[in-house]
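Working through the structure, step by step
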Amino acid sequence: MTKIDEEALAEAYNRALALEKAGDVDAAVKAYQEVLALDPEDHGGAAVRIAAMGRGDTPPKAPDAYVETLFDQHAEVFEDVLVEQLGYAVPMMVRQRLQALGLGPFKRLLDLGCGTGLTGEALRDMVDDLTGIDISENMVEIAHEKEVYETLYVAEVEDFLEDNDDEPFDIVTATDVLPYLGALEPLFFGTAENLLPGGIFAFSSETLPEETFAGRAYMVNAKQRFAHTEGYVRDRLEATGFELIDITNINVRMEEGQPTPGHLVIARLK
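As a starting point, this report considers the structure included with it. Quick caveat, the model's predicted, so the values are computed rather than measured.

1. Some words on the overall build of the protein chain
Helices and strands together make up the secondary structure of the protein chain, namely 12 helices and nine strands. Here the protein chain holds 270 residues, and 50% of them are scored as buried. Of the contacts made within the protein chain by residues no fewer than 6 positions apart, 62% connect residues no fewer than 24 positions apart. With the model as given, the accessible surface of the protein chain reaches about 12,700 Å², and the carbon-plus-sulfur share is 50%. Treating the 21 positive side-chain charges of the protein chain as one cloud and the 52 negative ones as another, the clouds have centres 6 Å apart.

Now the structure itself:
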């Protein structure tokens, strides 16, 4: 593992942030490229920041080191910020849609990107056995303290889905995962591989007006989160063996007083 020059990295990153805030995109991109040269694993998410400014190629996903660092740092205040300040209620929306569609109860649930356990808490009485997985060890520790899940893993979602050889699940949830992924094939295919035939896949995504995508299937928005077109989500579900049961327009969260449009999706493995 290459030793990082922390002082040089902090200087370059702070300079890049200042230039971005000042609106000097060219100079900011150059500074973020310096950040990437100093820290190729990209703990600070320079690649998604460059993409958010409309420069360079859109990465297929947010860097693992960035997502892990982000959530490790915010684990202690995560629920207060997300639920109380940003009005995040997707786990309860999932519960309500499953009930409205007459789906459940379930035997085994896999909660991808479980975080501190919000989805596990929302669905606990609908499931016999809950497994949670998150890339952030600090988040998993908080989920563990709640005693909601029978099993918890610290792992990157796509890697876990590829390597897991436990018995399959009859429901998989991913309530705040897609905003950190661009290309959806690995997630959807991996989920299909871990579901029983007829199993349910419930997840949320963020989106933008169609004209903003300008023909792209996904892009990084101004908040460094991935947004996906509804058409792309539908297409990738079909291509990986799912049939769409329900897709609902939702407000995922509030950002600076503005709603974040998205979709709540319920699909079934064929």
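Moving on from the model shown.
2. Quick notes on the packing of aromatic side chains
When we look at a pair of aromatic rings, we describe it by the centre distance and by the angle of the planes. Within this structure, the stated rule accounts for 10 aromatic pairs. Summarising the aromatic geometry, the rings of F71 and F78 are spaced 6.0 Å apart at their centres and angled 70 degrees between planes, so their arrangement reads as edge-to-face. As far as the burial class goes, F71 and F78 line up, both buried. Here F188 and F201 contribute two aromatic rings whose centre-to-centre distance is 5.6 Å and whose plane-to-plane angle is 85 degrees, an arrangement assigned as edge-to-face. Here F188, found in helix α10 (residues 185-193), pairs with F201, found in strand β5 (residues 195-206); they are 13 residues apart in sequence, far enough to count as distant. Across this residue pair, the class does not change: F188 and F201 are buried.

3. Details of the side chain of R49
With respect to the element layout, R49 can be found in helix α3 (residues 46-52). Residues in contact with R49, not counting those within four places in the same chain, are Y13, L17, E20, Y32, G44 and Q224.

4. A short note on the nonpolar core
Membership of the largest hydrophobic core comes to 67 residues, with the highest contact counts inside it found for L98, L112, L187, F201, F203 and L237. Setting aside its immediate chain neighbours within four residues, L112 contacts I133, V157, L161, V172, T173, A174, T175, V177, L187 and T191. Within the second largest apolar cluster, 12 residues are counted, among which are A28, Y32, V35 and A46.

5. Describing helix α8 (residues 137-146)
Those residues of α8 that fall on the buried side of the exposure criterion are M139, V140, I142 and A143. Taken around the axis of α8, the buried residues stretch over an arc of 160 degrees, which confines them to a single face. Facing away from the buried side of α8 by over 90 degrees, the exposed positions are H144 and E145. Looking at the buried residues of α8, the elements they touch are α4 (64-74), α5 (78-85), β2 (127-134) and β3 (151-154).

About the cut-offs
Residues numbered from 1 in each chain as written. Predicted model: local features only at pLDDT ≥ 70, side-chain atom pairs only at ≥ 80, totals over all residues. Heavy atoms only, no water. Helix = DSSP H or I, 4+ residues; strand = E, 2+ residues; numbered from the N terminus. Buried < 20%, exposed > 50% of the residue type's maximum accessible area, 1.4 Å probe, protein only. Contact = heavy atoms within 4.5 Å. Areas by Shrake-Rupley, 256 points an atom, 1.4 Å probe, with all protein chains shown as cover. Lys, Arg positive; Asp, Glu negative; His and termini not counted. Charge placed at Lys NZ, Arg CZ, Asp CG, Glu CD. Phe/Tyr/Trp six-rings, centres within 6.5 Å; stacked < 30°, edge-to-face > 60°. Core = buried A, V, L, I, M, F, W, Y, C linked by side-chain atoms within 4.5 Å. Arc of directions from axis to C-beta.

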